[in-house]
Amino acid sequence: MTGVAFFLLALALVAAVADWVAVQRDQRALEYVCKPLTLMLLVATALALDPLDGTVRAWFVAALVLSLVGDVFLMLPTDRFVLGLGSFLLGHLAYVVGMHVDGVQGTRFLVGVVVVMVALAVLGSLILRGVRAGPDPKLAGPVVAYMFVISAMVASAIGVGHVSGIVGAGLFYASDALIAWNRFVGDTPHARLSIMVTYHLAQVGLVLSLV
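Keep in mind that this is a model prediction, so the values were computed, not measured. Chains are numbered independently. Their residues run from 1 in the order of the written sequence. Whole-chain, interface and lining totals are the exception, using all residues; otherwise, since this is a predicted model, local features are given only for residues with pLDDT of at least 70 and side-chain atom pairs are given and counted only at 80 or more. Computation of side-chain values: all heavy atoms of the structure, hydrogens and water removed.

Focus on a nonpolar patch on the surface
Patch membership needs two things, relative accessible area over 30% and no salt bridge, and members are linked within 9 Å if like-charged or within 5 Å if nonpolar (Val, Leu, Ile, Met, Phe, Trp, Tyr). Each accessible area value is a Shrake-Rupley result obtained with a 1.4 Å probe; residue values ignore everything except the protein chains displayed when judging cover. The rule for a salt bridge is simple: a side-chain nitrogen of Lys or Arg has to be within 4 Å of a carboxyl oxygen of Asp or Glu. A cluster of nonpolar side chains, contributed by V114, V118, V122 and L123, occupies part of the molecular surface with about 330 Å² of accessible area. In DSSP terms, a helix is any run of H or I states spanning at least four residues, a strand is any run of E spanning at least two, and both are numbered starting from the N terminus. Counting through the fold element by element, V118 comes out in helix 5 (residues 106-133).

Shown next as structure tokens:
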């Protein structure tokens, strides 16, 4: 990692912690600054790295930018859930392409597929049931598509085999599962804070897998 990349990553972590504090204390003005700032700094970090593969980095930067767009949609006062969902779905697709460019080993990928299929059978079925029983059952289709795409991202990360990438993908899955659970199934304690902590650490892990 270059010195500039390390400095930018440190700034991103500071911005992330500030966002966690803002979420915990419900300081929306600070959150509106720190949430997108964290992703901007992670984009800058990825661009400043000396990556193992420049093409992989390009796809990861695209995923980070799409995540930034999704962050903005999801933090707006009005409900932009579908637009946020679409942005993150495209972001996960970009991560998947980047991981397959990096090189996915077949046996590890199959292990990843088994892992995510178990998660889908347990969590996914409960979330989907909550969507269909909710006020907008038409969301079932987009939610199913999203679950399969993020599952493909996790399986691909396992297939690549970078530890930081696997941890990052797993934390991303956990963060999004928390969002879905709290929106469609039921509230969990400190949900917003847990979602943001796992989400930011997920993106950091994915960025670090580039080196």
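Picking up after the structure, the text goes on.
Some thoughts on the environment of G170
Mapped onto the fold, G170 is located in helix 7 (residues 163-184). Between buried and exposed lies partly exposed: a residue is buried under 20% and exposed over 50% of the maximum accessible area for its type, with that area taken using a 1.4 Å probe on protein chains only. Under the relative-accessibility criterion, G170 is labelled partly exposed at 35%. Note: C-alpha distance between G170 and A15 (155 residues apart in sequence) is 22 Å.

Quick word on the packing of helix 1 (residues 3-25) against helix 8 (residues 191-208)
Angles shown run from 0 to 180 degrees and are taken between the N-to-C directions of axes, each axis being a line fitted to C-alpha atoms and, for helices, limited to the stretch in contact. Packing of helix 1 against helix 8 brings their axes to within 9 Å, and their N-to-C directions diverge by 170°. Classified by the interaxial angle, the pair formed by helix 1 and helix 8 is roughly antiparallel. In this structure, helix 1 uses L9, L13, A16, D19, W20, V23 and Q24 to contact helix 8, whose residues at the interface are R192, L193, M196, V197, H200, L201, V204 and L208. A per-class count over the contact of helix 1 with helix 8 returns 11 nonpolar, 2 polar and 2 charged. Every angle not falling under 35 degrees, over 145, or within 65 to 115 is termed oblique; those three ranges are roughly parallel, roughly antiparallel and roughly perpendicular. The criterion used for residue contact is that any of the two residues' heavy atoms lie within 4.5 Å. For this scheme, ten residues count as nonpolar: Ala, Val, Leu, Ile, Met, Phe, Trp, Tyr, Cys and Pro. Four count as charged, namely Asp, Glu, Lys and Arg, and the remainder, Gly too, count as polar.

With respect to the side chain of D176
With respect to the element layout, D176 can be found in helix 7. K35 provides the closest opposite charge to the buried, unpaired D176, separated from it by 9.8 Å. Engagement of the side chain of D176 in a polar contact is seen with the side chain of H92, the distance being 3.5 Å. Discounting residues that sit within four places of it in the chain, D176 has contacts with H92, Y146 and I150. Asp and Glu are treated as the negative residues and Lys and Arg as the positive ones, with His and the ends of the chain left uncounted. Here a polar contact is recorded for every N or O atom pair within 3.5 Å, except that within protein the pair must consist of a potential hydrogen donor and a potential acceptor, and residues adjacent in sequence are included only if both atoms are side-chain atoms.

Some words on the packing of aromatic side chains
Pairing of aromatic rings covers Phe, Tyr and Trp, the last through its six-membered ring, and needs centres within 6.5 Å; plane angles under 30 degrees mean stacked, over 60 mean edge-to-face, and all others mean tilted. Taken as a whole and judged by the stated rule, the model has 5 aromatic pairs. Ring plane angle 85° and centroid distance 5.8 Å describe the contact between F88 and Y199, whose orientation is recorded as edge-to-face. A residue pair is termed long-range when its members are at least 10 positions apart, and F88 in helix 4 (residues 81-102) and Y199 in helix 8 qualify at 111 residues. For Y199, a relative accessible area of 4% translates into the label buried. What links up through ring pairs into an aromatic cluster is the set F88, F172 and Y199.

Thoughts on the side chain of T198
Here T198 shows up in helix 8. Looking at T198, the relative accessible area reads 15%, which means it is buried. For T198, the side chain forms a polar contact with the main-chain oxygen of I195, separated by 3.0 Å. Excluding its chain neighbours within four sequence positions, the residues that come into contact with T198 are L171 and S175.

A closer look at the nonpolar core
Throughout this description, the term nonpolar core refers to a set of buried Ala, Val, Leu, Ile, Met, Phe, Trp, Tyr and Cys residues connected via side-chain atoms within 4.5 Å. Judged by nonpolar contacts, the single largest core of 59 residues is most densely connected at L64, Y95, M99, M153, F172 and F184. At the level of elements, helix 1, helix 2 (28-48), helix 3 (54-75), helix 4, helix 5, helix 6 (140-160), helix 7 and helix 8 are the ones that each hand at least two residues to this core.

Some thoughts on the pattern of salt bridges
A pair can form between side chains of opposite charge whenever their charged atoms are brought close. The tally for this structure, following the rule as stated, stands at 3 salt bridges. Ionic pairing is found between D26 and R28, a salt bridge with its closest N-O pair at 3.0 Å. Taking the relative accessible area as the measure of exposure, D26 reaches 48% and is therefore partly exposed. For E31, the salt bridge goes to R192, with nearest N and O atoms at 2.8 Å. Of the two residues, E31 is situated in helix 2 and R192 in helix 8; the sequence distance between them amounts to 161 residues. Taking relative accessible area as the criterion, R192 reaches 34% and is therefore assigned partly exposed. Taken together, the shared-partner salt bridges connect D26, R28, E31 and R192 into one network.

Overview of unusual backbone geometry
In this model, D26 sits at a positive phi of 55°, which is unusual for a non-glycine residue. Turning to its location among the elements, D26 is positioned in the loop between helix 1 and helix 2. The backbone of H190 shows a phi angle near 55°, a positive value even though the residue is not glycine. Checked against the element boundaries, H190 lands in the loop between helix 7 and helix 8.

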